[in-house]
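# Descriptive analysis of the structure
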Amino acid sequence: KEDTAMEKEDTMMEKDDSVMEDKTGEVMAKKVAYAPFTQEAYEQAKAEGKTILLEFYANWCPICKAQAPALEDGFSMIESEKLVAFRVNYKDTETDGSETALAQKFNITYQHTHVVTNANEETLLKSQEEWTAQDVVEKVGAFG
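## Notes on helix α4 (residues 97-105)
Where α4 is concerned, the buried positions are Glu-99, Leu-102 and Ala-103. Seen from one end, α4 has its buried residues packed into an arc of 100°, which puts them on one side. Counted as exposed and oriented over 90 degrees from the buried face of α4: Gly-97 and Gln-104. Considering only its buried residues, α4 is in contact with α2 (39-47), β5 (51-57) and β6 (83-89). Among the residues trailing α4, Asn-107 stands out with phi positive, at a value near 55°.

Given below as structure tokens:
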């Protein structure tokens, strides 16, 4: 009987940090990924009809740095294939032209601004408040 329990445990394997699969490759749960912004990934998310959280982040901002672990924790608690989250550099040493254009598109005037948008880039939620993991679950998870 111990072998059966071991076999059952072995049927679960982690594909990456966000997807759990059984041994047949069937997806069991999808955690929301919180990744650095790239124009290519953003365009893909829009093409797939995803709801997108854009976290405008500055590497010099103490609030941004302090809040980052809570955001990561919050996203790890949400299971949805409809949501994706990006950390977008904003007026820091790592900001590129596509990030600057995105900030202009969403009228961002301050770092640690959270924007939830649909695939058509319509703003669903915009906030400059500091978020906890629970805030992420409640505010962003509602769109998943």
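## Considerations on the confidence of the model for the protein chain
Per-residue pLDDT for the protein chain averages 82, and the proportion of residues at 70 or more is 79%. Here strand β1 (residues 12-14) stands out as the element of the protein chain with the lowest mean pLDDT, 35, in contrast to α4, whose mean of 96 is the highest. Taken as a whole, residues 1-29 scores under 50 in pLDDT and shows 29 contacts with residues more than four places along the chain or in a different chain.

## Remarks on the side chain of Lys-46
Summarising the element assignment, Lys-46 is placed in helix α2. Those residues in contact with Lys-46 that sit more than four places away from it in its chain are Ile-52, Ala-119 and Glu-121.

## Thoughts on the packing of helix α3 (residues 62-76) against helix α5 (residues 133-140)
It is at 7 Å that the axes of α3 and α5 come closest, and there the two elements cross at 45°. Of the possible angle classes, the one that applies to α3 and α5 is oblique. Both α3 and α5 take part in a crossing whose hand is right-handed. Across the interface between the two elements, Ala-70, Leu-71, Asp-73, Gly-74 and Phe-75 of α3 pack against Ala-133, Val-136, Val-137 and Val-140 of α5. Here the residues of the contact of α3 with α5 are counted per class, giving seven nonpolar, one polar and one charged.

## Thoughts on the sheet that holds strand β4 (residues 34-36)
The mixed open sheet is built from five strands, whose spatial order is β4-β6-β5-β7-β8. Only two strands of the sheet have a single neighbouring strand rather than two, namely β4 and β8 (123-127). Strand after strand, the sheet turns through a mean of 20° between neighbouring axes, direction not considered.

## Some remarks on the pattern of salt bridges
Tallied over the entire structure, the rule returns five salt bridges. With its nearest N and O atoms 3.3 Å apart, the salt bridge here joins Glu-121 to Lys-46. Of this pair, Glu-121 sits in the loop between β7 (113-117) and β8 while Lys-46 sits in helix α2, placing them 75 residues apart in sequence. When the shortest N-O distance is used, the salt bridge between Glu-48 and Lys-50 registers 3.8 Å. A relative accessible area of 46% places Glu-48 in the partly exposed class. Taken together, the salt bridges that share partners define one network made up of Glu-43, Lys-46, Lys-105 and Glu-121.

Conventions used here
Residues numbered from 1 in each chain as written. Predicted model: local features only at pLDDT ≥ 70, side-chain atom pairs only at ≥ 80, totals over all residues. Heavy atoms only, no water. Buried < 20%, exposed > 50% of the residue type's maximum accessible area, 1.4 Å probe, protein only. Helix = DSSP H or I, 4+ residues; strand = E, 2+ residues; numbered from the N terminus. Arc of directions from axis to C-beta. Contact = heavy atoms within 4.5 Å. pLDDT = per-residue confidence, 0-100. Axes fitted to C-alpha atoms, helices over the stretch in contact; angles between N-to-C directions. Parallel < 35°, antiparallel > 145°, perpendicular 65-115°, else oblique. Left-handed = near helix turned anticlockwise from the far one by under 90°. Nonpolar A, V, L, I, M, F, W, Y, C, P; charged D, E, K, R; others polar. Pairing = 2+ DSSP bridges. Salt bridge = Lys/Arg side-chain N within 4 Å of Asp/Glu carboxyl O.

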